[in-house]
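# Residue-level structure breakdown
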Amino acid sequence: MPTDPYQTLGVSKDASQEAIQKAYRRLAKKFHPDLNPGNKQAEDKFKDISAAYDLLGDPQKRPRFDRGEIDASGAERPRQRYYRDFADAGTSNPYASDDGFADFGNAEDLFSEVFGRRGRTNLRMRGQDVHYNLELDFLDAINGGKQQLTLPDGSVLDVAIPPGTRDGQVLRLRGKGRPGIGGGPPGDALIEIHVRPHRIFTRKGDDIHVELPVSLREAVLGGKVRVPTPSGEVTMSVPKWANTGAVLRLKARGVPRPDGSRGDEYVTLKVMLPETPDPELERFIAQWRPAAAERERETTKA
Amino acid sequence: METREFLSAARIDAAMMTAWIEAGWLGPHCKSGEFLDIDVARAGLIRDLTDIGVNDEGIPVILNLVDQLHGLRRALHEVVLAVRAQPETRRSRVSRPDSPY
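Treat the numbers as computed from the prediction; the structure is a model and nothing was measured.

So, on to unusual backbone geometry. Its identity as a non-glycine residue notwithstanding, Trp241 of chain A has a phi of 55 degrees, on the positive side. Inspection of the secondary structure assignment puts Trp241 of chain A in the loop between strand E9 (232–238) and strand E10 (247–250). Its identity is not glycine, yet Arg11 of chain B carries a phi of approximately 55 degrees, on the positive side. Counting through the fold element by element, Arg11 of chain B comes out in the loop between helix H1 (3–10) and helix H2 (14–22). Look at Arg11 of chain B and you get exposed, because 12 C-beta atoms sit within 10 Å.

Here we take up the interface of chain A and chain B. Listed as interface residues are 31 residues of chain A and, on the opposing side, 27 residues of chain B. At the level of elements, helix H2 (17–31), helix H5 (83–87) and helix H6 (107–115) of chain A are the ones that each hand at least two residues to the side of chain A that touches chain B.

A word on the sheet that holds strand E6 (residues 202–204) of chain A. Residue and element names in this part refer to chain A. Strand order in the open sheet made by the four strands is E6-E7-E11-E10, with mixed pairing throughout. Either end of the sheet is taken by a strand with one partner, and the two such strands are E6 and E10. If you compare each strand with its neighbour and ignore which way they point, the axes differ by 35 degrees on average. Here strand E7 (residues 207–215) runs beside strand E11 (residues 265–272); their pairing, made up of eight bridges, is parallel. Looking across to E11, one finds that Ile208 is bridged to Glu265.

With that settled, the discussion passes to the packing of H1 of chain B against helix H3 (residues 37–51) of chain B. Residue and element names in this part refer to chain B. Here H1 crosses H3 at 40 degrees, and the two axes come no closer than 9 Å. Put simply, H1 runs oblique to H3. The handedness of the crossing between H1 and H3 is right-handed. Across from Phe6, Ala9 and Ala10 in H1, the residues of H3 making contact are Asp39, Val40, Ala43 and Gly44. Residue classes in the contact of H1 with H3 are distributed as five nonpolar, one polar and one charged.

Cut-off values and rules
- Residues numbered from 1 in each chain as written.
- Chains lettered and ligands numbered in written order.
- Predicted model: local features only at pLDDT ≥ 70, side-chain atom pairs only at ≥ 80, totals over all residues.
- Helix = DSSP H or I, 4+ residues; strand = E, 2+ residues; numbered from the N terminus.
- Buried ≥ 20, exposed ≤ 12 C-beta atoms within 10 Å, placed from the backbone.
- Contact = placed C-beta atoms within 7 Å.
- Pairing = 2+ DSSP bridges.
- Axes fitted to C-alpha atoms, helices over the stretch in contact; angles between N-to-C directions.
- Parallel < 35°, antiparallel > 145°, perpendicular 65-115°, else oblique.
- Left-handed = near helix turned anticlockwise from the far one by under 90°.
- Nonpolar A, V, L, I, M, F, W, Y, C, P; charged D, E, K, R; others polar.

Honestly, that's just the spatial picture; any functional story needs more than this.
Okay, here's the thing in structure tokens:
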């Protein structure tokens, strides 16, 4: 049902031709079906607008319409099909353009990516973690420091060993694993630490145990001795009559802990006779008749 | 269709047709004098654009954007069809913008 063409264009009855053209252009820009390919109502709207403009935009037809000689319905002319009807049809469109999404990759890639037809559902994936083994000297593990790990591809990874690192501990280096997929973050490098045993030290938890040979004289009379610890030698007092198997504790001379404190070192004494026979010691012992010697052995048997 | 039929269907004259083909607004296939229905519709669009005050500089800009828009509409249409073909469980995941998949 055609409405008043003046109303359609939104102009007054006495509007100038120029004002009518201006109104038509403004509405046509907004409602032309080819500038609104997805809006089905635009077509009807534009049909009304162009019909109104056909009447009012024509200096011959407009006065006749004003006088009532022709009506609005007569002004409707058959309209050719719009460009959008063909352009949207696809296949045989010689003007078809993929430029609007060419940066997504080609169309096949676009769809296979979106739907993972070949199992490529995870567009963004964190890279895989990589596992390495690193063998450390006993003291390097306890005191910490920098180590270099040579990877299978020949590159070198700097690994910071925290003080007090344990055998079997796994160090995680963030982002040093395989690269991510589709912009995902890289994985981590997981480094399992293997600590080589030490010649004299053993570790139990955060404590260090060491066996210290002392001379017969030191054991009997007591005195100051030098004791190795993981951070260097220290002086320790051996009390009088310290027997083999006696355990002395060196406080905070063990393994460093993350909070800055340290475990202890336990020193087990081992009384040693001189390496080479000492005739003077032999003479002295020959004159010495300890009453308790037999009893000592009895105790051991039991 | 042939040139004469094209000119009458598109309601333009031969000089306009030649100029539009020269400018690339109508495709190179039009040089052979063979026209498609889409060429008529495209010529109608160019005529409408001229009518609403778009100048010669603006026409190719609009045509290019309109063609890109149709390319995107086709692609989107395929996407919609493909989503519809998915089982409901996967479809509901596709429709959730915060889903990581």
